[in-house]
Amino acid sequence: MKTYTLHVAGLTRELPIIKLSYDLSIASFVILGDTEIVKKTAPMIAKKLPEVDFVVTAEAKGIPLAYEISKVLNLDEYIVARKSVKAYMEEPIEVELHSITTTDSQKLYLNNLDAKKIKGKRVALVDDVVSTGQSLKALERLIEKAGANVVAKAAILAEGDAKDRKDIIFLEALPTF
Ligand SMILES: O=P(O)(O)OC[C@H]1O[C@H](OP(=O)(O)OP(=O)(O)O)[C@H](O)[C@@H]1O
């Protein structure tokens, strides 16, 4: 299997290159289960953030990073937007979502209790990777629908053209193939 050698936060990972379509392959970066990479990257991202009241992510791969950044920032809570409605959710708010790895259209949901918590607050959106930016854009729409102020958008990696974006904080660029 072909791999791409990623260097981030002083760590090295061999990422498998996977084919998404006839003309696009990506290096698969999965932080779920990788305690070390989350532990090392979270403080580096936290340091680059302005003052925030909440860290917000969308499930699934952003969750450990949002947890760790919140911990570093001494925030007692963080917010996770879900990709399905859960029984415990009251009047969830929703937006449409597409991402580079998920072809079918999905939705992002925010529990109304969480929406109330973040209303009028300063929020940092975080994710493991920003690629097409569709996931981040959907999360931003959702959070703005909740009446929160998005003051920063951050990821460990900016993939493909996302490396040229000036509106996101990221640690390393990741090429596409
Ligand atoms: O910038 P984009 O093109 O939207 O791609 C980036 C998004 O894609 C991946 O999530 P994925 O859709 O694989 O979902 P998962 O975290 O639930 O596995 C990744 O964790 C980002 O959230």
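As shown above, the structure is provided for reference.
In this text, all values refer to a predicted model and were calculated from it rather than measured experimentally.

Bringing the nonpolar core into the picture now. Formed by 30 residues in total, the largest nonpolar core has its most connected members in Val8, Phe29, Ile45, Leu49, Ile69, Ile156 and Leu157. Broken down by secondary-structure element, the contributors of at least two residues to this core are β1 (3-8), β2 (11-21), α1 (35-48), α2 (63-72), β8 (122-130), β9 (149-159) and β10 (169-174). A total of 5 residues in this core trace back to one element, the largest contributor, which is α1. Leave out the neighbours within four places in its chain, and phenylalanine 29 touches Leu6, Leu15, Ile37, Lys61, Asp128, Val129, Ile156 and Leu157.

Side chains that differ in sign of charge can pair as their charged atoms come close. If you walk through the whole model with that rule in mind, you get 13 salt bridges. A salt bridge links arginine 122 to glutamate 51, with the shortest nitrogen-to-oxygen separation between them at 3.9 Å. Of this pair, arginine 122 sits in strand β8 while glutamate 51 sits in the loop between α1 and β4 (54-58); the two residues are 71 residues apart in sequence, bridging distant segments of the chain. The exposure class of glutamate 51 is exposed, given its relative accessible area of 61%. Between aspartate 164 and lysine 163 there is a salt bridge, with the nearest N and O atoms lying 3.7 Å from each other.

Ordered by their spatial adjacency, 3 strands build an open sheet running β1-β2-β3, and the pairing between neighbours is antiparallel. Edge positions in the sheet fall to β1 and β3 (24-27), since each has one partner strand and no second. Strand-to-strand twist across the sheet, computed as the mean angle between neighbouring axes with direction ignored, equals 35°. Where β2 and β3 come together, 4 bridges link them in antiparallel fashion. Bridged to serine 21 within β3 is leucine 24. In the packing of α1 onto the sheet, contacts are made with β1 and β2, and the angle to β2 comes to roughly 105°.

On to the environment of isoleucine 143, then. Within the secondary structure, isoleucine 143 is located in helix α4 (residues 134-145). Ignoring any residue separated from it by four or fewer positions in sequence, one finds isoleucine 143 in contact with Val56, Leu110, Ile118, Val123, Leu125, Ala148 and Val150.

On the basis of which strands lie adjacent, the open sheet formed by 5 strands has the order β5-β4-β8-β9-β10 and parallel pairing. The two strands at the open ends of the sheet, each matched to only one other strand, are β5 (79-81) and β10. Sheet twist, expressed as the mean angle between neighbouring strand axes with direction ignored, is 25°. Sitting on the sheet, α1 is in contact with β9 and β10, with an inclination near 130° to β10. Packed on one face of the sheet, α4 meets β4, β5, β8 and β9 and runs near 160° to β8.

To continue, consider the site of the ligand. In the vicinity of the ligand lie 18 residues, with Thr101, Asp127, Asp128, Thr132 and Ser135 positioned nearest. Interatomic distance of 3.1 Å between a backbone N/O atom of alanine 60 and an oxygen atom of the ligand. One nitrogen or oxygen atom from the side chain of threonine 132 is found 2.5 Å from an oxygen atom belonging to the ligand. At the level of secondary structure, the elements contributing two or more residues to the shell around the ligand comprise β8 and α4. Sorting elements by how many residues they give to the shell around the ligand places β8 first, with 4 residues. The residue makeup of the shell around the ligand, split by class, is 4 nonpolar, 9 polar and 5 charged.

What counts as what
- Residues numbered from 1 in each chain as written.
- Predicted model: local features only at pLDDT ≥ 70, side-chain atom pairs only at ≥ 80, totals over all residues.
- Heavy atoms only, no water.
- Core = buried A, V, L, I, M, F, W, Y, C linked by side-chain atoms within 4.5 Å.
- Buried < 20%, exposed > 50% of the residue type's maximum accessible area, 1.4 Å probe, protein only.
- Helix = DSSP H or I, 4+ residues; strand = E, 2+ residues; numbered from the N terminus.
- Contact = heavy atoms within 4.5 Å.
- Salt bridge = Lys/Arg side-chain N within 4 Å of Asp/Glu carboxyl O.
- Pairing = 2+ DSSP bridges.
- Axes fitted to C-alpha atoms, helices over the stretch in contact; angles between N-to-C directions.
- Near = heavy atom within 4 Å.
- Polar contact = N/O pair within 3.5 Å; in protein donor to acceptor, adjacent residues only side chain to side chain.
- Nonpolar A, V, L, I, M, F, W, Y, C, P; charged D, E, K, R; others polar.

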